[in-house]
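Here are the chains, one letter per residue:
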Amino acid sequence: TRTPSAPVTFGALQNCLSASVDPVVPSRAYVLCAGLLYTTEAERLASAGIVELTLSDDGSLAITGMATPDAAVGVPSNGLVALGDRRVLAVAAGSVLPSAPDRLLEIDVAAGTSREVLRTRAGAFVLGEGTFDRRNGVALVPDAETSAILRIDAATATLVGSIAIEGCVGLPPREIGPL
């Protein structure tokens, strides 16, 4: 049996709401901290980030990496999907007033960099919680604006297609999980 690890604190990071296990190295996981939401941009940036955690053979948990958001690219708020190679996808939510679209970001935790993969046409709060499809090497990200599941290649973090969700009665896709 393993002895539980001591609690891990993330310093100034706040609102740590989702985690994703690395599809290549299962002892590694990522936690998305969206930061303080109703505050100044500077305070939000200081309290947001992606934390990389590694579980050792003895059961201890350690922070092995951290990426802080790039204000020019966007602050990740939801939709965390680990891609492998110490990279993740996350959604930087848009806004209604002023109007700004959602952006899907690729974040390289090792390098501490992020880049925009795509943005929605006009809608805010339309990219949802995705998952990783190991068999096909793609991340699947729901897009409520187009009522589709976006397929993002894990190796290149580029859009390689989408799966239309047609004939459904009710709300458009907001979340997809592994089967």
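Heads up: the structure comes first, above all this text.
In this report, we go over the structure that sits alongside the text. (Residues numbered from 1 in each chain as written. Predicted model: local features only at pLDDT ≥ 70, side-chain atom pairs only at ≥ 80, totals over all residues. Heavy atoms only, no water.)

## Points about the state of the cysteines
Alright, step 1. Counted according to the given criterion, the structure contains 1 disulfide.
Alright, step 2. With its sulfur 2.0 Å from that of its partner, C16 forms a disulfide with C33. Residues C16 and C33 are joined through a disulfide that is right-handed, its torsion about the S-S bond being 100°. With C16 in strand β1 (residues 16–21) and C33 in strand β2 (residues 28–33), this pair connects stretches of sequence that are 17 residues apart.
Alright, step 3. Its relative accessible area of 33% is what places C16 among the partly exposed residues.
Alright, step 4. Look at C33 and you get buried, because its relative accessible area is 0%. (Disulfide = S-S within 2.5 Å. Helix = DSSP H or I, 4+ residues; strand = E, 2+ residues; numbered from the N terminus. Buried < 20%, exposed > 50% of the residue type's maximum accessible area, 1.4 Å probe, protein only.)

## Details of the pairing of strand β7 (residues 103–108)
Alright, step 1. In terms of residue burial, β7 counts as a mostly covered element, since 5 of its 6 residues are buried.
Alright, step 2. With 6 bridges connecting them, β7 and strand β8 (residues 113–119) associate as antiparallel partners. Counted as the bridge partner of L104 is L118 from β8.
Alright, step 3. Counted along the chain from β7 to the antiparallel partner β8, the turn is 4 residues long, and its residue G112 has a positive phi close to 75°. (Pairing = 2+ DSSP bridges.)

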